[in-house]
Amino acid sequence: MHNFDQDVVIVGAGPAGLSAAQMLGRARRRTLVLDSETPRNRFAEHMHAVVGFDGVSPAELRRRGREEAEAYGIAFRTAHVDRVAEVDGGLEVFLADGARITTRALIAATGVTDRLAPIPGLAERWGRTVLHCPYCHGWEVRDRRIGVLATSPLSLHQIELVRQWSPEVVAFTANLGDPADEVRERLHARGIRIVSAPVVEITGDGAAIDAAMTVVTADGERTVVDAVFTGGTLEPHDDFLADLALARAEGPVGSFIAVDAAGATSHPRVFAAGNVVTPMGNVPLSMGAGSMAGAAANGTLVAADAAAAVERRRGHAADWEARYAETDRVWSGHVNETTSAVIAELEARGALRAGTALDLGCGEGGDALWLAARGWTVTGVDLSATAIGRARDAARNARLDATFIAGEIDDADLGTFDLVTTSFLHSWDPEFSRITLLRAAMRHVAPGGRLLVVSHLGTPPAGHDHPPFATPAEERAALEPDPQVWEVELEEVRERATAATADAEPAHRTDGILLLRRRD
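Criteria and cut-off values
Along each chain, the written sequence defines residue order, and numbers are assigned to residues from 1. Side-chain atom pairs in this predicted model are given and counted only at pLDDT of 80 or more, local residue features only at pLDDT of at least 70, and totals for whole chains, interfaces and linings cover all residues. Think of the side-chain values as coming from all heavy atoms in the structure, minus any hydrogens and water. Secondary structure elements are taken from DSSP: a helix is a run of H or I of four residues or more, a strand is a run of E of two residues or more, and numbering for both begins at the N terminus. Note on classification: 1.4 Å probe, protein chains only; a residue is buried when its accessible area is under 20% of the maximum for its type, exposed when over 50%, partly exposed between these limits. When checking whether two residues touch, look at their non-hydrogen atoms; a contact exists if any pair is within 4.5 Å. Any two strands with at least two DSSP bridges between them are considered paired. Axis definition: a line fitted to C-alpha atoms, over the contacting stretch in the case of helices. Angles run 0 to 180 degrees between N-to-C directions. Two rings from Phe, Tyr or Trp (for Trp, the six-membered ring) form a pair when their centres sit within 6.5 Å of each other. Planes less than 30 degrees apart are called stacked, planes more than 60 degrees apart edge-to-face, and all others tilted. Whether a charge sits over a ring comes down to the Lys NZ or Arg CZ being within 6 Å of the ring centre and within 35 degrees of the ring normal. Put simply, a nonpolar core is a bunch of buried Ala, Val, Leu, Ile, Met, Phe, Trp, Tyr and Cys residues held in one set by side-chain atoms that sit within 4.5 Å of each other.

Trainee: Honestly, the side chain of Q6 in this entry has me stumped. Any pointers?
Mentor: Assignment of secondary structure puts Q6 in strand β1 (residues 6-11). By relative accessible area, Q6 is classed as buried at 16%. Apart from the residues lying within four places of it in its own chain, the contact partners of Q6 are R30, T31, L32, I101, T102, T103 and R104.

Trainee: Could you clarify how one ought to interpret the sheet that holds strand β12 (residues 199-204) in this entry?
Mentor: The strands that make up a sheet pair up through hydrogen bonds in the backbone, lying either parallel or antiparallel. Across the sheet, 3 strands lie side by side as β12-β13-β14; this open sheet has antiparallel pairing. At either end of the open sheet lies a strand with only one pairing partner, and these are β12 and β14 (222-225). This sheet shows a mean twist of 25° between the axes of neighbouring strands, independent of strand direction.

Trainee: What's the story with the sheet that holds strand β8 (residues 130-131) in this structure? I'm lost.
Mentor: One open sheet holds the 5 strands; their spatial order is β8-β15-β9-β10-β11, and the pairing between them is parallel. A strand with exactly one partner marks an edge of an open sheet, and here the two such strands are β8 and β11 (193-195). Helix α4 (residues 155-162) contacts β9 (146-149), β10 (169-172) and β15 (227-230) of the sheet and is inclined by roughly 170° relative to β9.

Trainee: Looking at this structure, how should I read the packing of aromatic side chains?
Mentor: Pairs of aromatic rings are described using the distance from one ring centre to the other and the angle between the two planes. Taken as a whole and assessed by the stated rule, the structure comprises 1 aromatic pair. Ring centres 5.6 Å apart and planes at 90° place the aromatic pair Y135 and W165 in the edge-to-face group. Placement of Y135 in helix α3 (residues 134-137) and of W165 in the loop between α4 and β10 is noted, with a sequence separation of 30 residues between them. Judged by its relative accessible area of 17%, W165 is buried. Directly above the aromatic system of F94 lies the positively charged group of R83, at a separation of 3.9 Å from the ring centroid. The positively charged end of R142 is found above the aromatic ring belonging to W139, 4.1 Å away from the centroid.

Trainee: Can you walk me through the nonpolar core in this structure?
Mentor: Nonpolar side chains in soluble globular proteins tend to end up buried together. V342, I343, L371, W376, V378, F404 and L452 are the most contacted members of the largest nonpolar core, which totals 24 residues. Contributing elements (two or more residues each) for this core: α7 (337-348), α8 (366-373), α9 (385-398), β22 (402-406), β24 (445-456) and β26 (510-518). Considering every element that reaches this core, the biggest residue donor is α8, with 5 residues. Look past the residues within four positions of F404 in its chain and what remains in contact with it is C362, G365, A368, L369, G380, I388, A391, R392 and A395.

Printed below as a string of structure tokens:
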């Protein structure tokens, strides 16, 4: 499968996904961001510890990020992804609405869900007075009465950490088990009160820091606090990738997709960034990881593009070789009539005299040998070894001195020439484009020398599946010759009477001529 809908699909439009999108947009990749619009930090009113965005709401960050990405051509779509499957050379993304999208690569930036303990009053206050990260929210509750609701032995670190922001800390330790004596001693030494009975409810307003709430425990004790820190069970949103059987890493907070420093997973075209793989990461960390994942995905596609280009280039050369090899002769062996006419006209008025010449796409050598017969020192270059072999034989039989090279124009150190010619050299392969070849030819024109381009013109005859030929003016515009360096000597369309082909189909009768002179 070669025609993919997207270069990259990003699932998730939080800090990681948006950062990846911006990198890919700037890299000119066709990128689609799919988002369910339920970000993890949607409950928070402000972000902190985000340089340049301190106090800005998460919603505003997402708005700005999306606006910036769209300016680079990134597309967004509200959607839920059901699953992802492999297809030839890429991936297929299945959406909940039944749609399918093919892509060369995918970045998962879907985050996690915080599953809080099933205590009445806890989830309702999440993101406002029930908090999870002291670095994100500790400053706002400094010197307040803070409770820490332990959910596992890992919560001991959170209890001690919160003490940095307030001297009034109450630790609800039922889920820690019975703290060891040295733990109790350490907490008491820091002035942290321990409540070991299980928490059964949180009551009171608690919608804002200055509206106190009450933590009720199973023994009936009621503790008034201004904020509660706790940690939920972290559930990564990665079920949609299950069919790819990605490698996972087991850690202290659960099982997550394993990634390297650039966000690469065990699948060569799947990357992941943000909380979906680093659940404890804050916004700046997620943004950095998203940028890395975007760059890594682009790097993977760059490598794939290069490999594909090599194969196409080899195929392009092989096609020409096959064309020459399947018959004893492809061309007449005579010089191109329009090419010879232009050169003869220049010579007749004394504007051109024999020197060194390069014929690009020389085929079986007709043009090159005509030049050699007129006293030019000629080099011919062509992709087909068979064509080059015939050109060499023809030169030997005609006792003409000409050099013929099988390969591309820059395969050898050719140097510069007084005249560079190319007749009917057409290509629509983006990896072997005609304009690129002509620009390479321009590099081989010596000061005072000329580039002569003769081309077919107009709509191709029936049975030829390629776009219309460009006019000389269109090709000059595409080549963008610097007027300080290049002079346009001839830019015209010329009619040429030729015989019909063997099957009676009229041959091309209109040629385009572009003659550029490199200033001394």
